[in-house]
There are 2 protein chains.
Amino acid sequence: MIDPTSDRPAYQQVADELRRRILSGEAPPGTRLPSESELMREFGISRTTARLTYNVLRAEGLIDTARGKGAFVRDRRSARRVASDRYRREVLQIRKQGEPTPPPETSFTRDQGISWSQYRLDKEFHEVPAPDHVAELLNLEPGTPVLARHFVFYAEDQPQQMSVSYYPLDLVRGTPVADPNNEPWPGGNIAQLATLGITVTRVEESVRARMPLPEEKRTLRIPPGVPVLTITRRMLAGPNKDRPVEVAADIVIPADRVVLDYTIDLD
Amino acid sequence: MIDPTSDRPAYQQVADELRRRILSGEAPPGTRLPSESELMREFGISRTTARLTYNVLRAEGLIDTARGKGAFVRDRRSARRVASDRYRREVLQIRKQGEPTPPPETSFTRDQGISWSQYRLDKEFHEVPAPDHVAELLNLEPGTPVLARHFVFYAEDQPQQMSVSYYPLDLVRGTPVADPNNEPWPGGNIAQLATLGITVTRVEESVRARMPLPEEKRTLRIPPGVPVLTITRRMLAGPNKDRPVEVAADIVIPADRVVLDYTIDLD
DNA sequence: CAGTGGTCTAGACCACGCT
DNA sequence: GCGTGGTCTAGACCACTGT
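Numbers given to residues run from 1 along each chain, matching the order in which its sequence is written. In the order they appear in the text, chains get letters beginning with A and ligands get numbers beginning with 1. Note on the predicted model: pLDDT of at least 70 is required for a residue's local features to be given, and 80 or more for side-chain atom pairs to be given and counted; whole-chain, interface and lining totals, by contrast, use all residues. For side-chain calculations, the full set of non-hydrogen atoms in the structure is used, while hydrogens and water are omitted.

Per an unreviewed UniProt entry, chain A is named Transcriptional regulator, and its organism is Carbonactinospora thermoautotrophica.

Novice: Please clarify how the protein's contact with DNA strand D should be interpreted in this entry.
Specialist: For each residue, the test is whether any non-hydrogen atom lies within 4 Å of the molecule or strand; if one does, the residue is near. Residues in close proximity to DNA strand D total 25 residues, the closest being Arg47 of chain A together with Ala10, Tyr11, Ser46 and Thr49 of chain B. For the surface near DNA strand D, the secondary-structure elements that each account for two or more residues are helix H2 (36-43), helix H3 (47-59), strand S2 (63-66) and strand S3 (70-73) of chain A together with helix H1 (10-24) and helix H3 (47-59) of chain B. Residue polarity follows a fixed list, in which Ala, Val, Leu, Ile, Met, Phe, Trp, Tyr, Cys and Pro are nonpolar, Asp, Glu, Lys and Arg are charged, and the others, Gly among them, are polar. Partitioned by chemical class, the residues of the surface near DNA strand D number six nonpolar, 10 polar and nine charged. Comment: elements are numbered from the N terminus, with helices defined as DSSP H or I runs of at least four residues and strands as E runs of at least two.

Novice: Explanation requested: the protein's contact with DNA strand C in the structure shown.
Specialist: Not every one of the 25 residues close to DNA strand C is listed here, only the nearest: Ala10, Tyr11, Ser46 and Thr49 of chain A together with Arg47 of chain B. Counting only atoms of DNA strand C within 4 Å of the protein, the fraction found in sugar and phosphate groups is 67%. Here a polar contact is recorded for every N or O atom pair within 3.5 Å, except that within protein the pair must consist of a potential hydrogen donor and a potential acceptor, and residues adjacent in sequence are included only if both atoms are side-chain atoms. In this structure, Arg47 of chain B approaches DNA strand C through a side-chain N or O atom, which is 2.8 Å from a base nitrogen. At the level of secondary structure, the elements contributing two or more residues to the surface near DNA strand C comprise helix H1 (10-24) and H3 of chain A together with helix H2 (36-43), H3, strand S2 (63-66) and strand S3 (70-73) of chain B.

Novice: When you look at the packing of aromatic side chains in this model, what are you seeing that I'm missing?
Specialist: Centre-to-centre distance and the angle between the planes together describe a pair of aromatic rings. Between the rings of Phe, Tyr and Trp (Trp by its six-membered ring), a pair exists once the centres lie within 6.5 Å; its type follows the angle of the planes, with under 30 degrees stacked, over 60 edge-to-face, and the other angles tilted. By the definition in use, this model includes three aromatic pairs over all chains. Aromatic side chains Tyr262 of chain A and Tyr262 of chain B sit 3.7 Å apart centroid to centroid with 0° between the ring planes, which places their arrangement in the stacked category. Taken as a pair, Tyr262 of chain A in strand S11 (residues 258-265) and Tyr262 of chain B in strand S11 (residues 258-265) lie in two separate chains rather than in one. Relative accessible area decides the class of each residue, using a 1.4 Å probe on protein chains only: under 20% of the type maximum gives buried, over 50% gives exposed, and in between gives partly exposed. According to the relative accessible area criterion, Tyr262 of chain B is buried, its value standing at 3%.

Novice: Hey, could you run me through the relation of the copies chain A and chain B in this one?
Specialist: The operation linking the two copies of the chain is a rotation about an axis combined with a translation along the axis. Placing chain A over chain B gives an RMSD of 0.0 Å and needs a rotation angle of 180°, together with 0.0 Å of translation along the axis. In short, the pair behaves as if placed about a two-fold rotation axis. Our superposition of the copies is a least-squares fit, built on the C-alpha atoms of residues whose pLDDT is at least 70 in both.

Novice: Sorry, what's going on with the interface of chain A and chain B here?
Specialist: You'll often see interface size given as the accessible area lost when the parts meet. Note on contacts: a residue pair is in contact if any heavy atoms of the two residues lie within 4.5 Å. With 41 residues of chain A in contact, the opposing surface of chain B contributes 41 residues. Defined here as a combined quantity, buried area equals the accessible surface (1.4 Å probe) lost by two parts on assembly, summed across both. Buried surface at the junction of chain A and chain B, both sides included, amounts to about 3,600 Å², of which 57% is carbon and sulfur. A per-residue breakdown of the area chain A buries against chain B is headed by Tyr262, Ile264 and Leu266 of chain A, which together make up 21% of the total. We count a salt bridge whenever a side-chain nitrogen from Lys or Arg sits within 4 Å of a carboxyl oxygen from Asp or Glu. The interface formed by chain A and chain B holds two salt bridges in total. Where Arg202 of chain B meets Asp265 of chain A, a salt bridge forms, and the shortest distance between an N and an O atom there is 2.7 Å. If you look at where chain A meets chain B, you find 12 residue pairs in polar contact (both at pLDDT 80 or more). Among the secondary structure elements, those contributing two or more residues to the side of chain A that touches chain B are H1, helix H4 (86-97), strand S8 (200-210) and S11 of chain A. With 11 residues, the single largest contributor to the side of chain A that touches chain B is S8 of chain A. Partitioned by chemical class, the residues of the side of chain A that touches chain B number 21 nonpolar, six polar and 14 charged.

Novice: For this particular structure, what's the right way to read the pattern of salt bridges?
Specialist: Between side chains of opposite charge, a pair can form as their charged atoms come close. All names here are of chain B. If you walk through the whole model with that rule in mind, you get 30 salt bridges over all chains. In this structure, Arg233 and Glu246 form a salt bridge, with 3.0 Å as the shortest nitrogen-oxygen distance. Residue Arg233 is located in strand S9 (residues 228-237), and its partner Glu246 is located in strand S10 (residues 243-254); the two are separated by 13 residues in the primary sequence. On the basis of relative accessibility, which here comes to 9%, the residue Arg233 falls in the buried class.

Novice: Looking at this structure, I do not really get the pairing of strand S6 (residues 145-155) of chain A. What am I missing?
Specialist: On a regular strand, each side chain points to the face opposite its neighbour's, so the side chains alternate between the two faces of the sheet. Residues and elements named next belong to chain A. Most of S6 is tucked away: nine of the 11 residues are buried. In this description, strands pair whenever DSSP reports at least two bridges between them. Here 10 bridges tie S6 to strand S7 (residues 158-168), and the two strands are oriented antiparallel to one another. Bridge pairing in S7 places Phe151 opposite Ser163. The turn joining S6 and S7, which pair antiparallel and follow one another in sequence, is formed by two residues; a positive phi near 50° is taken by Glu156.

Novice: Any chance you could explain the sheet that holds S2 of chain B here in plain terms?
Specialist: Adjacent strands of a sheet pair through backbone hydrogen bonds, lying either parallel or antiparallel. Residues and elements named next belong to chain B. Here we have three strands laid out as an open sheet, ordered S1-S3-S2, and antiparallel in their pairing. Each having just a single partner strand, strand S1 (32-33) and S2 make up the two edges of the open sheet. The sheet contact formed by S2 and S3 spans four bridges and is antiparallel. Along S3, the bridge assignment pairs Thr65 with Ala71. Angles shown run from 0 to 180 degrees and are taken between the N-to-C directions of axes, each axis being a line fitted to C-alpha atoms and, for helices, limited to the stretch in contact. Packed onto the sheet, H3 meets S1, S2 and S3 and runs at close to 125° relative to S2.

Novice: Where do I start with the nonpolar core in this structure?
Specialist: For soluble globular proteins, the rule of thumb is that nonpolar side chains tend to be buried together. Within the largest apolar cluster, 63 residues are counted, with the highest numbers of intra-cluster contacts made by Val207, Leu229 and Leu260 of chain A together with Val207, Leu229 and Leu260 of chain B. In this structure Leu229 of chain A touches Val207, Arg208, Ala209, Ile251, Val252, Ile253, Ala255, Val258 and Leu260 of chain A together with Val207, Ala209 and Leu229 of chain B, once residues within four positions along its chain are discounted. Only buried residues count toward a nonpolar core. Its members are Ala, Val, Leu, Ile, Met, Phe, Trp, Tyr and Cys residues joined through side-chain atoms within 4.5 Å.

Structure below.
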């Protein structure tokens, strides 16, 4: 089954064959793949080469391996959809109610399709000098003190995303926004700012993807071969949409758990 | 330097130390890291363990390795920004000119900040039965014939993205849109549809991230540890924004080459 | 030519899951 | 207890880059 005359290394040739089975549907998600010993016999390779094969497929996010069990085809369908008009719905909710009343929906819980009580929130609030990219997005001098709020969101005990939100300190000092004990807060960021008399009129999001750092892998329980989507968000206030009131630098979401939907109207 | 009593494997401990140097800025992009032999001496590990260390850092997208040269810290800054209002600018251009005249700007060339002549286009046009997800997005019966247009975009001879665009065949048969020899086409997709009397009024984009397939790695020259962003795009026409005229399933962009910017107005 | 990373082998011990 | 994957060693040959 291996072509020794080929330039392609043996472990890649074996990976090619297993990948073909996975992508063709011949080996659907959940299927158990040959054990390393079986690979050694079937392809006439050493243990090390068999392991190299599975290293490749693991890095591609195609398989899961477990000690004592074996190697299995991973289910790669992504789950919840996060729509860009979640912000608009939040605004409508605020206008309708005049003022949000608990237990309200937030963009996060609504995206999950689960109820408020089904998620947990880890949080730490810090006053820190603004990092450079934050200062730039908030139009502040570098080093200006800002409020940094760290969150990890869970749905049904599964971590879904982590984020750091930055606010100009002058804006929020002494307000409920700066009080960790006020969480969970009704209605999400836009509603929180509305209680301070700030009307958010525009949201800007910058989307990137990269491999997770070890700490992110641990906190979000990200399996091998799964990248993260990062969103750098900025909220602008005022009729001219020019006053930055919040930037959530690095919202980090495991890419196997989300689809980001955006709508662009051309009229 | 290695703690043999730790649960953390030796190759991870070495990776932790090198990662710390990279992320702290102690080893900035371009820095040469210790050779495998040096790692063996400095940390008292075997060649295999040293290689495992660099496998980890490679999969995280932190380093590049080259035979005969060594291991180097990769520059991870992402480059061009792709703004969601590129579609709006394209519409404005069409309205202004009445009809696009070459050499025009497209959303693609404008995003590059390069001129039209600096990129090349590989293309194949096929009439195929609509795949399931395409049929659903176009509101067609599964298997309805559609026009599939395959593109690979280059900027300065570097591949930047590949895509497949699907059009309902009834809409475009016999028109210039279905003629491969008409490429490069002035003004991008929206302008092309405008010449058919179709006014695109809404664009929907769904953004995902995953590791690239081998063919994508080859075509787009993607280094190890770099995911791809995929955009599934749908264009809608008509005053009610309800007639799907195009879906580009799987626009694939190496994540180290792009930032996707979206603006959401709340009024 | 010496040094680099890429591939591959044969073997060892371990932690874990299942029966 | 046996089979699984996870870690680690010692050693070999190769292709490529530099001097």
